[in-house]
Amino acid sequence: MVGSEALPSPRQHGVTKPLSLAGPSEADLLRTKKLNKFLVDAGLYESQEDAAKREKVLAQIKQIVVEWVKELTRLRGYSDLVEDANAVIFTFGSYRLGVHGPGADIDTLCVGPSYVNRDEDFFFGLHEILAKKEEVTELQPVPSAHVPVMKLKFEGISIDLLYASISRSVVPDDLDISDVSVLYNVDEPTVRSLNGCRVADQILKHVPNVEHFRTTLRCLKFWAKRRGVYSNVTGFLGGVNWALLVARVCQFYPNAVPSMLVSRFFRVYTQWRWPNPVMLCAIQEDELGCTVWDPRKNPKDKTHHMPIITPAYPCMNSSYNVSISTLRVMTEQFQFGNRICEEIELNKAQWPMLFEPYMFFESYKNYLQVDIIAADSDDLRAWKGWVESRLRQLTLMIERDTLGKLQCHPYPHEYIDPSKQCSHSAFFMGLQRKQGEVIQENQQFDIRGTVDEFRHSVNMYMFWKPGMEIYVSHVRRKQIPQYVFPDGYKRARIPRAVNYQPVCGSSSAEKTSAKRKGEGHVERGSPQRKQSVSPSPMTSPFMSPQSRDSVSSEADHELAHGFIGCNSGSSIVTNEEVRAEKMSLGSNGVESSEEDSQSAVDNMSVDKIQPMVNSGCY
């Protein structure tokens, strides 16, 4: 039945009644048809051949882990269990939800018996077996992750392999992972490993129409990647977070079709009053002694900015990585999506406009550039994974040390300079003064101590090797390297709706390099500049020629003396002042407000940013 009148819903989904039971109009059905065509044309669906290959790979992994468990059973003298010894492979994430696309990784969980442990048997024993397989490449164990994982490629397909040892001597092939009994007598990392599959099953159970949910989620995941807000590790949202947000909108509008759900998604979350939590069902009471998200009992839960609660016991906040800054960015993007969807509903825009890529490098005047290098590609893969996991901490540290006045926008995309001979990767972070803050004369943000603290935390990497280094630079927009732009050249600046204050002082770029203690001193230098009477600037080998050429002799002088500010009347913040200020800061950060969420593109301000100049060996 087509029309805008209310349609009956068989049962209530969610913790509240639906916002609307209205069904689709003819126009809604037409927009849904166009949306589906757009998603297909965008290549978001894999072929039957690729799907069959994934099934084959999963079957091969299943065979490997079963043989591994049987061998361990024999070695440990459990001769009566050898015949029945078994391990079961489950999938979770986008693959289990049915929204994966071509080239997507497969989140995989191996469930084994109680006598096969994670630390020694999985990360060493199974790792050694996989390392000998010709089909396996890019094998990388990450035992220290919040959810311990072994990353690999099997016949070219990316696999994130988790392990859970449950309190059973024999694991049956028909194990019901949704049964709470699988959580008996297991540690917290195992609970987190098991919960991926359990959450996926509960999400599908709590949506009124699975196919509409899948189409909407596939659409919004693609949108989030295009707009630069798809990354749990960077402080935005990952796959399960987006799935939970979409599922809640499906509950609010149980009879809506995907075009309606996409529009309602942006309408709902543009108006959502965070930190009110998003929940698909009531939080289950404590059954097995596991920690359950509850800000009334757990003080740490009160600090979460964007709680999105998982529906399976033990209920957790899946978005604990979100910071004040990343919530601000996502709110701005929700507002953008809402504006475009309103135009689509008025036939003033088409679906491709919603998926226009975010112009990150045209949106700010100041950036932090983080260059990561290693001796070879294998070392870079491990080192980059560690540094990327710590970038969120840099965002939090800057928020803390500037009392929230300097806002950060970490961009969850990796860039590689093809002209470099070494193994190299780069990430960028946009910086701007908080909107609405009164500009004080000669105000500066000194974040040298903040970056030093960040470098110390990065250098705690337990698998560090010689050659693993990190360079952090403050760069202006005009100094952004050419290789970050898709076509190899810089795009025109976005027209501004308001006037901005001119930059006070010359721009410069400076890199800080950090090495482990005992690996020698850090060398910093740049080619001698002609007609320069100031000391040579301290740069990184990754500063582009364009960046070097744009550094004036005045900027060289500032850089050599450790500051950027106005040419006259600027104050220099010393390291001692930084430390004294940091001692007076609280550790709880700055609370967010809806008024603070303003568009960084439409309301750009010019920051005077104190760069990082301290270096040394660690």
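Above this text is the structure in question.
Residues numbered from 1 in each chain as written. Predicted model: local features only at pLDDT ≥ 70, side-chain atom pairs only at ≥ 80, totals over all residues. Heavy atoms only, no water.

With mixed pairing, the five strands of this open sheet are ordered in space as β1-β2-β5-β4-β3. Two strands close off the open sheet at either side, each with one partner strand: β1 (88-92) and β3 (136-142). For this sheet the average axis-to-axis angle between neighbouring strands, irrespective of direction, equals 25°. In terms of strand pairing, β1 meets strand β2 (residues 106-112) through five bridges, oriented antiparallel. (Pairing = 2+ DSSP bridges. Helix = DSSP H or I, 4+ residues; strand = E, 2+ residues; numbered from the N terminus. Axes fitted to C-alpha atoms, helices over the stretch in contact; angles between N-to-C directions.)

Turning our eyes to something else, we now look at the nonpolar core. One finds F213, W223, W242, F265 and Y269 to be the most contacted residues of the largest nonpolar core, which totals 60 residues. Secondary structure elements with two or more residues in this core: α1 (26-41), α5 (188-205), α6 (210-226), α7 (239-252), α8 (258-271), α9 (324-345) and α10 (351-354). In terms of residue count, the dominant contributor to this core is α7 (nine residues). Contacts of W242, omitting those with residues within four sequence positions, involve L217, K221, W223, A224, V229, Y230, L237, F265 and F334. In this structure, V65, L72, Y95 and M150 belong to the second largest nonpolar core, which totals 29 residues. (Core = buried A, V, L, I, M, F, W, Y, C linked by side-chain atoms within 4.5 Å. Buried < 20%, exposed > 50% of the residue type's maximum accessible area, 1.4 Å probe, protein only. Contact = heavy atoms within 4.5 Å.)

A few words on the packing of aromatic side chains. As enumerated under the stated definition, the model contains 36 aromatic pairs in all. Consider the rings of W223 and F334, whose centres lie 6.4 Å apart with planes at 15°: the pair is stacked. Linking W223 in helix α6 with F334 in helix α9, this pair joins segments that are 111 residues apart in sequence. The buried category is assigned to F334, whose relative accessible area is 1%. Taken together, the aromatic side chains of W223, W242, F252, F265, F266, Y269, W272, W274 and F334 make up a single cluster linked through ring pairs. The ring of Y230 carries the charged tip of K225 above its face, separated from the ring centre by 4.9 Å. (Phe/Tyr/Trp six-rings, centres within 6.5 Å; stacked < 30°, edge-to-face > 60°. Lys NZ or Arg CZ within 6 Å of the ring centre and 35° of its normal.)

Before going further, it helps to spend a moment on helix α4 (residues 118-131). The periodicity of an α-helix, 3.6 residues per turn, causes residues three or four positions apart to be oriented the same way. Look at α4: only 17 Å from first C-alpha to last across 14 residues, short of the 20 Å you get at 1.5 Å a residue. Tucked inside the fold, the buried residues of α4 contact α2 (48-75), β3, β4 (149-154), β5 (157-165) and α5. (Expected span 1.5 Å × (residues − 1).)

For the pair α1 and α6, the least separation of the axes is 11 Å and the interaxial angle reads 55°. Taken together, the axes of α1 and α6 lie oblique to each other. Like other packed secondary-structure pairs, α1 and α6 cross with a definite hand, here left-handed. For the pair formed by α1 and α6, the contact residues are L35, N36, F38 and L39 on the first element and T215, C219 and F222 on the second. Residue composition of the contact of α1 with α6, by class: five nonpolar, two polar and no charged. (Parallel < 35°, antiparallel > 145°, perpendicular 65-115°, else oblique. Left-handed = near helix turned anticlockwise from the far one by under 90°. Nonpolar A, V, L, I, M, F, W, Y, C, P; charged D, E, K, R; others polar.)

Before going further, it helps to spend a moment on the pattern of salt bridges. Oppositely charged side chains can pair when the atoms bearing their charge come close. In this structure the tally under the stated criterion is 27 salt bridges. With a shortest N-O distance of 3.6 Å, R192 and E188 are connected by a salt bridge. Here the residue R192 and the residue E188 both occupy positions in helix α5, the gap between them amounting to four residues, near one helical turn. The class of R192 is buried, set by a relative accessible area of 19%. Taken together, the shared-partner salt bridges in this structure form one network comprising E138, K153, D378 and R381. (Salt bridge = Lys/Arg side-chain N within 4 Å of Asp/Glu carboxyl O.)

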